[in-house]
Structure formats: C-alpha cells, structure tokens
Amino acid sequence: MNRKLKRTVLTAAILAVCLSACASPLREETQENGEAQTMDETQMAEYTEAMKEEYPTRQFCLENLSGGEQVWYRDIYLALSGMEEEYLLHTGFSGEPGEEDIEKVFYAVMNDHPELFFVSGYTYTKYTMADKLLKISFSGTYTMDTYERVLREREIDRAAEECLQALPAEASDYEKVKYVYEYVILHTDYRKDAPDNQNICSCLLSGESVCQGYAKTVQYLLNRAGINSVLVSGTVYGGQAHAFNLVEVNGQCYYVDATWGDPSYQSEEKDEGAGSLPQINYDYLCVPAVMLEKTHTVDALFALPECTSMQANYYVTEGAYFTEYDEEAVEDFFEKAQDAGKTTITFMCSDDAVYDTFVTELVTNQKIFRYFYTAGGRIAYTEDAAGHSLTFWLVNE
C-alpha cells in the first residue's frame, strides 16, 4: 500500500493595532539537505542561550516561553532576520511545541524585536506521513526585498544616531527613558493613515504614526540606549486596541505610553487642533500598573514583570508629586519651575482628596494667580481626575 506524504500550508499576517535594538544584519545561517532538525537537551540549552547572548538587551517575551518554545523562538527569529522563505523548525525533541504554538512564538519574536520592521506576517508548511509529523517549514512574509531593507536600515540607523547623540554618556536609566519619550513625542504627529504606521519607519523616517509605531520606536531607541523595553498590547476606552511599552529602570519595571503623552493624539481623536495644549503630557512616563489600569488593560498573551514601584515615576523623580496641599510647598514648587524657565507646569496628587483640594484652591479659589506669574498673559489648564494630575501653562495674547 502506498503511503502518501501530506503537505499542509497555513498563513498568518500581523494584526494591525491602533487604527485610531539595533538593526540586525542579514543572517546567513543555512540548513543542510532540507531535513528536519533535531537536538538533545544539552543542544537545546545551548541553542536558546545563544539567543539571549546575541541580543544586547533583555527579551521579555522569550523569557516567558517554555524550553521548546524558546527553540522555535530562535528558529523563527533567524528565519525572519535572514528574510528566509523556507526555514525548517526544529522538531522531534523533548518538549517540542505544537503547531498551535507557532502564532504565539511568532508574536513573542515580533514583540521583542522592533528592528524586524520589514516583516508583515508568516506562512508555514507542515509535512506529515500517516499522521506522523516529518517537518515544518517556516517562511516570513515581507513588505520589501533585501535591497530595500538594507537601504531602510541605513536611514533608520542615521535617524537613531541623530536622536541618541544628544543623550549624555553618563545619563541615568530614568534620563534615557525620559529623553526617548520626549524625543518621540516631539518628532512624531499622530495620524491614523500614516504610512508604515505599524513599525519604526513611520516615526523615525516620516514623523507620523499610530500607537504601534510610537511603541515600537520607543522600544527600538531604548534598546539602542541600553534600556530593557518590550512592546505591550492591550486595550483602552471601550475595548479599543492599543500598544505601549514596559521599560526597566534600575531593576524596576514601569509602563510608558508615548502615544497618550502626545497632544496630537488627543486632538486627532477629538478632531480638534493641538495648538492650545502643552507639547508633552507626562502622565504616562514610568507609571506603575495601579495607575495605568485606570485607563488601560494589558493583554495576557505573555506574562510580564510586575510594575509596582513609583520610584522612577516622572512626577516623583521631578519633585512634582504632592501628598498634601501645603501653600508654602506649592509656592516653592511654582517658583523653582518658573526660575528654570518653564511656562508649562504640571504635577500629580497622591489621591482623590489631595487632588480635590488642589482643584479647589488653585482653580475655584484662583490661587494659581498667586503662584504663577502671567506677565500680562492668561493661564490655561487641563485636569485629569482619574490620574490626579493638573497642568497649567501660559497663553500669551
């Protein structure tokens, strides 16, 4: 009786989110004879450890995969970074993942590696005989050819160098995160129909993007600056898909959302101009989960480190975090800010009661005019009751 070889082809594409790291060199890893690859436990450990050693910063999603999934993670990374069209995944080893795990591992690679900007999805071909798996051939799907990729990588590298060259060599982890947060916001406009808006090209080369592009660019620049960061997917208002980041500062993890820190995002969503708003909203720079979860929900596809610290939060670090309303402390805070040349002053309160007191005293009782010298102009403000933050700025006639 003839035994037939069964060949099954499946495809997948990257799901676009947010409608509303170094560039890796081309890999030249070859496989012999087109036969399925196998390995023992020692080889597995060496193979996956090499993935951790080859990449300069922490790969959060990789850390949360099983041993077998980590093998496929490196397989898929090598296939994508080398723009392979037929790459055999390791099979026939202890702890081998199932076919249903390919999508999970693919997204783990993509979330850890923003430099794979040329990848749009993948296909794989499963070869079986009499229901026995013989091999799985993995292929990336790409938005450009090798020549265009190399040209884009050169442009991206120049843009990243231009960004990071202004960062002092002795900058702390917090200073690096703050700098990249501000840089991406100040050099990017939120636009739903921006080209390449699901990857780093949109921010670094075009200056327009959506949340996925913002988050991948923040991750990419921080990785190049030596800061551990990962792309995080989730939802915001009404279940709307959204992307942001988790970053590591001095061993503690925090959430960062540059999209929500950009007034052009707020104006795009509300279909109004951003000219009257401050240039940057710092409410989403290094926040713990308890603060983020007031407005965001994190998808549970990959387990992430806990974010519980306030130590590197923007307001705490900048001395703009109030646990009580003390007129002398408030006056001193505004005086120092204006002496530093600031025309926009923002701060956060520790809870509802403190926040309500600040609103009553500064806004209702108009004591803001006692602390903020207007020089003949007007004072505008925004309030975020959920986040307990207030921002005041001068508006000259």
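See above for the structure.
Okay, so let's go over this structure. (Residues numbered from 1 in each chain as written. Predicted model: local features only at pLDDT ≥ 70, side-chain atom pairs only at ≥ 80, totals over all residues. Heavy atoms only, no water.)

**Things to note about the sheet that holds strand 15 (residues 389-395)**
And then number 1: Taken together, 4 strands build an open sheet; the order of strands is 12-13-15-14 and the sheet is mixed. Every interior strand has two partners, whereas the edge strands, strand 12 (321-322) and strand 14 (378-384), have only one.
And then number 2: When strand 12 meets strand 13 (residues 344-349), the two strands line up parallel, connected through 2 bridges. Within strand 13, the residue paired with Phe322 across the bridge is Cys349.
And then number 3: Along the sheet, helix 12 (residues 327-339) contacts strand 12, strand 13 and strand 15; its crossing angle with strand 13, the most-contacted strand, is approximately 145°.
And then number 4: The strands touched by helix 13 (residues 352-364) within the sheet are strand 12, strand 13, strand 14 and strand 15, with strand 15 carrying the most contacts at an inclination of about 25°. (Pairing = 2+ DSSP bridges. Helix = DSSP H or I, 4+ residues; strand = E, 2+ residues; numbered from the N terminus. Contact = heavy atoms within 4.5 Å. Axes fitted to C-alpha atoms, helices over the stretch in contact; angles between N-to-C directions.)

**Some remarks on the packing of helix 1 (residues 41-54) against helix 3 (residues 67-81)**
And then number 1: In the contact formed by helix 1 and helix 3, the axes pass within 9 Å of each other and the chain directions differ by 55°. Overall, the two elements helix 1 and helix 3 adopt an arrangement that is oblique. Along this stretch, helix 1 crosses helix 3, giving a crossing that reads as left-handed. Listed contacts from helix 3 to Met44, Tyr47, Thr48, Ala50, Met51, Lys52 and Glu54 of helix 1 are Gly67, Gly68, Gln70, Val71, Tyr73, Arg74, Asp75, Tyr77 and Leu78.
And then number 2: In terms of residue class, the contact of helix 1 with helix 3 is built from 8 nonpolar, 4 polar and 4 charged. (Parallel < 35°, antiparallel > 145°, perpendicular 65-115°, else oblique. Left-handed = near helix turned anticlockwise from the far one by under 90°. Nonpolar A, V, L, I, M, F, W, Y, C, P; charged D, E, K, R; others polar.)

**Focus on helix 12**
And then number 1: Between its first and last C-alpha atoms helix 12 spans 18 Å; for 13 residues at 1.5 Å apiece the expected length is 18 Å, and the two agree.
And then number 2: Among the residues of helix 12, Val330, Phe333, Phe334 and Ala337 are the ones counted as buried. The buried residues of helix 12 occupy an angular sector of 90° when projected down its axis, which confines them to one face. Set apart from the buried face of helix 12 by more than 90 degrees, the exposed residues are Glu328, Lys336 and Asp339.
And then number 3: Phi turns positive one or two residues past the end of helix 12, at Gly341, with a value near 85°. (Expected span 1.5 Å × (residues − 1). Buried < 20%, exposed > 50% of the residue type's maximum accessible area, 1.4 Å probe, protein only. Arc of directions from axis to C-beta.)

**Brief notes about the pattern of salt bridges**
And then number 1: Scanning the entire structure with this criterion turns up 17 salt bridges.
And then number 2: A salt bridge links Glu161 to Arg224, with the shortest nitrogen-to-oxygen separation between them at 2.7 Å. Highlighted residues: Glu161 in helix 5 (residues 146-164) and Arg224 in helix 8 (residues 211-224), separated in sequence by 63 residues.
And then number 3: Taking the relative accessible area as the measure of exposure, Glu161 reaches 43% and is therefore partly exposed.
And then number 4: In this structure, a network of salt bridges that share partners links the residues Glu327, Glu361, Lys367 and Arg370. (Salt bridge = Lys/Arg side-chain N within 4 Å of Asp/Glu carboxyl O.)

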